[in-house]
Amino acid sequence: MKKLFLFALLVSQLFAADATIEVIKKVDKLPSISVEDASINYQNTLSKKFFKVLVSDLDVLSVFNVYDNYEMNDYDADDVKANNIKRDYVLRYRLRQDDDGHLNCDYKLISAADSQVVRAKNFRIKKENLYVFLIHNLAIDINDFIGSEPVDWMKSYVLISRLTGANESEIVISDYTLTYQHVMVKGGLNVFPHWADKEQSALYYTSLNELKPTLYKLDRRTGKSEKILSSDGMMICSDVSLDGERILVTMAPEGQPDIFLYELRTKKLTRLTTFSGIDVGAQFLENDTEIAFVSNRGGYPNIFSKRIGSKGVQQMVYYGKSNVALAAYKNYIVYKSRETSNEFSHNTFNLHLISTRSDFIRRLTATGINEFPRFSQNGDSIIFIKNYKSESSLGIIRIKQNKSFLFPLKIGKIQSIDW
């Protein structure tokens with residue numbers, strides 16, 4: 001069983017990663033912004049954590065030149081702090097507890113030149129440990145006010161399989177900054193989680209704690225789990241159809257992994273590939289009538305596609321000699337490609353973006369080893385894994401803004417993710 005798990009891990013990830021990433025910044029002049037803390041009885045604990053994540057969120061928005069100088073001010077002060085007078089905007093927030101015990105965040109967006117409030121709003125949440133989602137909602141609100149493209153993905157949950165020891169892992173629900181983390185599955189080896197629907201109400205994951213690799217579906221709200229499929233060799237859910245009624249799974253009942261389509265209502269299992277080598281990691285394309293997947297049928301790992309129900313297979317990528325770990329959004333695919341072949345030193349594995357409708361190709365990263373990409377629900381951002389020695393990080397790429405950000409995991413190592 002351990003050998004089978006290592007084989008599955010090898011197919012999906014192939015190599016470890018280093019911690020270097022190149023950030024390509026736009027030369028456009030962005031309006032400047034600073035943050036002022038006006039919290040009540042939170043200054044020494046939660047408020048400074050709040051400040052740190054808020055500044056990070058404003059950076060990720062990529063619509064401001066963000067200054068991270070920490071300043072405190074009265075919420076109803078007429079003027080901004082002296083260090084912030086030259087900024088275009090000042091964001092002033094106040095954390096407080098209301099009579100119901102809920103954590104509230106009041107905020108004002110102030111035009112620093114004339115101290116005029118241009119936006120004000122309140123957010124609240126029942127549980128203090130969810131404070132990071134107050135921040136994400138605040139950032140989304142400011143982004144919408146500025147008129148930039150929606151970033152609702154900021155408040156989406158991220159699924160993480162976190163390796164914690166030998167043959168031990170946990171399925172964790174997190175926000176995209178890894179600030180909030182809640183363990184959903186623990187005990188034994190549980191890997192390759194995948195959301196079961198757009199609402200993120202349930203998830204699939206593979207358990208390697210039984211005689212055969214077994215796929216489970218877990219209700220996020222009730223904690224109830226349901227056994228879906230099991231198979232000798234391998235069992236991984238790689239994608240879910242738009243309506244949530246069908247899933248793509250990689251199975252190896254006869255030794256070599258192939259792609260199967262499983263219909264949840266009828267429990268019908270259809271084999272989609274029959275290659276004698278390796279076919280893994282399928283993703284639905286466009287209207288769920290076509291799939292893209294990784295195969296070594298050309299002599300090395302590469303990206304292929306086929307229409308469901310047909311026998312024909314088409315090669316999609318002609319750049320790189322080891323192309324793996326793909327994700328799809330409508331007519332776009334992002335994949336991991338090896339670009340160097342150094343026997344005695346680290347190789348470079350970059351993420352590339354292609355279109356299924358043209359010869360368009362774009363490299364998204366420049367250095368290091370970057371893997372396991374996943375699109376946001378609106379397709380404008382990508383998360384991925386970066387590992388270096390004993391540290392794992394979750395990276396996020398803002399595609400149109402040409403910016404990348406890293407958020408390190410403090411405990412354990414990230415095995416796989418879904419968004």
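Worth saying up front: this structure is predicted, and the values here are computed from it rather than measured.

Rules used throughout
Residues numbered from 1 in each chain as written. Predicted model: local features only at pLDDT ≥ 70, side-chain atom pairs only at ≥ 80, totals over all residues. Heavy atoms only, no water. Pairing = 2+ DSSP bridges. Helix = DSSP H or I, 4+ residues; strand = E, 2+ residues; numbered from the N terminus. Axes fitted to C-alpha atoms, helices over the stretch in contact; angles between N-to-C directions. Buried < 20%, exposed > 50% of the residue type's maximum accessible area, 1.4 Å probe, protein only.

> Provide a residue-level description of the sheet that holds strand β24 (residues 349-355), including the pertinent values.
Each strand in a sheet pairs with another by means of backbone hydrogen bonds, the pair being arranged parallel or else antiparallel. Spatial strand order, β22-β23-β24-β25: four strands in an open sheet with antiparallel pairing. What marks the edges here is a single partner per strand, and that holds for β22 (323-329) and β25 (361-363). Here the average twist between neighbouring strands, direction ignored, is 25°. Bridge analysis of strand β23 (residues 332-338) against β24 gives seven bridges, and the strand direction is antiparallel. Note that in β24 the partner of K336 across the bridge is L351.

> Break down unusual backbone geometry for me, with residues and values.
Residues other than glycine predominantly adopt negative phi, and peptide bonds predominantly adopt the trans conformation. The residue K330 is not glycine, and still its phi comes out positive at about 50°. Relative to the assigned elements, K330 resides in the loop between β22 and β23. Take K330: its relative accessible area is 53%, and that puts it in the exposed class.

> Explain the sheet that holds strand β30 (residues 413-418) residue by residue, including any values.
The strand order β9-β8-β7-β30 describes an open sheet built from four strands, whose pairing is antiparallel. The sheet is open, and its two borders are formed by β9 (181-185) and β30, each paired with just one other strand. Across the sheet, the axes of successive neighbouring strands diverge by a mean angle of 35°, strand direction being ignored. Sheet analysis places strand β7 (residues 158-165) next to strand β8 (residues 168-174), joined by seven bridges and oriented antiparallel. Paired with L163 across the strands is S169, a residue of β8.

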